[in-house]
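Secondary and tertiary structure notes
Below, each chain spelled out in residue letters.
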Amino acid sequence: MRAVLCLDPRTPFDRIEEVTRAARLDGVVVGMDAADDDDLCARLADSALRVIVNVPLLHSPEVLAEHPELYAVTSTGRRAAVDWLHMACPSSERFWELQSARIADRVARLEPDLVSLDFARGFVRWETVPPGAVAADIEHGCCCARCVGDRPYGLAELARRRTDLVTARVAQAADLVRSVHPGVPVAVKVVPWLAADHEGARAWACGQDPARLAPLVDVLMPMSYTAMIGRPAQHVRDVHDELSGATGLPVMPWLQAAHADEPGDLPLDVVAQMLAAVEQDAEHGYCVFHLDGIAHRPELLALLAEGSPMSDLKEML
């Protein structure tokens, strides 16, 4: 499966179909809000496109707008909200109750071919962390009394506490998804850092331990955005190799084909380098970030259309 992320829930189905056809993609990734559009749901169900629903675990502007007391607290003592990112305290059972209800309702309505668990991590704006950053440079969370108590922890203990919390939420989310949509494959998104990067920040800042997550899901989805984090394309291969070796699970990477927060287009040669690296490891497919960033670029659509065909994900599982 090769799928493109549709960020805007108001995107008409005809536009999705036009872009996927031009790029010879066979799937689309939609957010949970797509379940609120009956026409879009019906068109997706009747189409040949495979559907992935992106399920955010600890990021929820909607819930946190109504319950700001449930926000995570960062290492600087402020609310865990920056730009579009709004992260909840992973220890909050009230938040999880509210978010779980939203997840169950929308997954049941969409009945996707694959569920991608997103924001399965603590608060960190990993996209803006430069390659040489050390622990002291990285704002992270949650650092509230429930999560870390009233004393500072070393990185090893912080990693243990955070990975415990995140692993538990991924287990709950995977069980919930499978209960409302039996048989659906479940993936989890992983930050594109090696275990040793930034003094082990994948564990102590994000709370992600791929070896502990592996028994809970079917697929790992590394967000292989090397241009975004200032790394060479080879970094993608290193991340994929480490994840596969540590877990034995297949990887289904995310390809960065557009900027996230910067104006202008990502140069075609940069996308081509990342695509070449991704395709070497994406035996069962990959996801493209994102539809609005590629729709107006015929040369980029043609580059994606030339990509090698991928095997069926369900044959793998």
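Quick note: structure is the one above.
Residues numbered from 1 in each chain as written. Predicted model: local features only at pLDDT ≥ 70, side-chain atom pairs only at ≥ 80, totals over all residues. Heavy atoms only, no water.

Structural notes on the packing of helix 10 (residues 268-281) against helix 12 (residues 298-305)
- Where helix 10 contacts helix 12, the axes come no closer than 11 Å and their chain directions differ by 15 degrees. Classified by the angle their axes make, helix 10 and helix 12 are roughly parallel. With respect to the hand of their crossing, helix 10 and helix 12 are arranged in right-handed fashion. Residues Leu268, Val271, Ala272 and Leu275 of helix 10 pack against Glu299, Leu300, Leu303 and Leu304 of helix 12.
- Among the residues forming the contact of helix 10 with helix 12, the class breakdown is 7 nonpolar, no polar and 1 charged. (Axes fitted to C-alpha atoms, helices over the stretch in contact; angles between N-to-C directions. Helix = DSSP H or I, 4+ residues; strand = E, 2+ residues; numbered from the N terminus. Parallel < 35°, antiparallel > 145°, perpendicular 65-115°, else oblique. Left-handed = near helix turned anticlockwise from the far one by under 90°. Contact = heavy atoms within 4.5 Å. Nonpolar A, V, L, I, M, F, W, Y, C, P; charged D, E, K, R; others polar.)

Overview of the side chain of Gln256
- Among the structural elements, Gln256 can be located in strand 9 (residues 254-256).
- A polar atom in the side chain of Gln256 sits 2.9 Å from the backbone nitrogen of Met228.
- A distance of 3.3 Å separates a polar side-chain atom of Gln256 from the backbone oxygen of Ala258.
- Among all residues touching Gln256, those that are not within four sequence positions of it are Ser224, Tyr225, Thr226, Ala227, Met228, Leu266, Val271, Met274 and Phe289. (Polar contact = N/O pair within 3.5 Å; in protein donor to acceptor, adjacent residues only side chain to side chain.)

As for the pairing of strand 7 (residues 186-190)
- Taken across its 5 residues, strand 7 has 5 buried, putting it largely inside the fold.
- Side-chain alternation along strand 7 places Val186, Val188 and Val190 on one buried face and Ala187 and Lys189 on a second face that is also buried.
- Bridge count for strand 6 (residues 114-118) against strand 7 is 3 bridges, and the pairing is parallel. Of the residues in strand 7, the one forming a bridge with Leu117 is Val188.
- Two elements, strand 7 and strand 8 (residues 219-224), share 4 bridges in a ladder whose sense is parallel. From the neighbouring strand, Val190 faces strand 8, where its bridge partner is Pro222. (Buried < 20%, exposed > 50% of the residue type's maximum accessible area, 1.4 Å probe, protein only. Pairing = 2+ DSSP bridges.)

Concerning the pairing of strand 3 (residues 50-56)
- Judged by how many residues are buried, strand 3 sits mostly within the fold: 7 of 7 residues are covered.
- Side chains Arg50, Ile52, Asn54 and Pro56 project from strand 3 onto one buried face, and the interleaved Val51, Val53 and Val55 project onto a second face that is buried too.
- Where strand 2 (residues 27-31) meets strand 3, 5 bridges bridge the pair, whose relative direction is parallel. Considered in strand 3, the bridge of Gly27 is made with Arg50.
- Read as a crossover between parallel neighbours, the route from strand 2 over helix 2 (residues 38-46) to strand 3 is right-handed.
- Pairing analysis gives 5 bridges linking strand 3 to strand 6, with the strands arranged parallel. When the bridges of strand 6 are listed, Ile52 appears paired with Leu114. (Right-handed = clockwise from strand over helix to strand, strands pointing away.)

Fair warning: the whole summary comes from geometry, so function is off the table for now.
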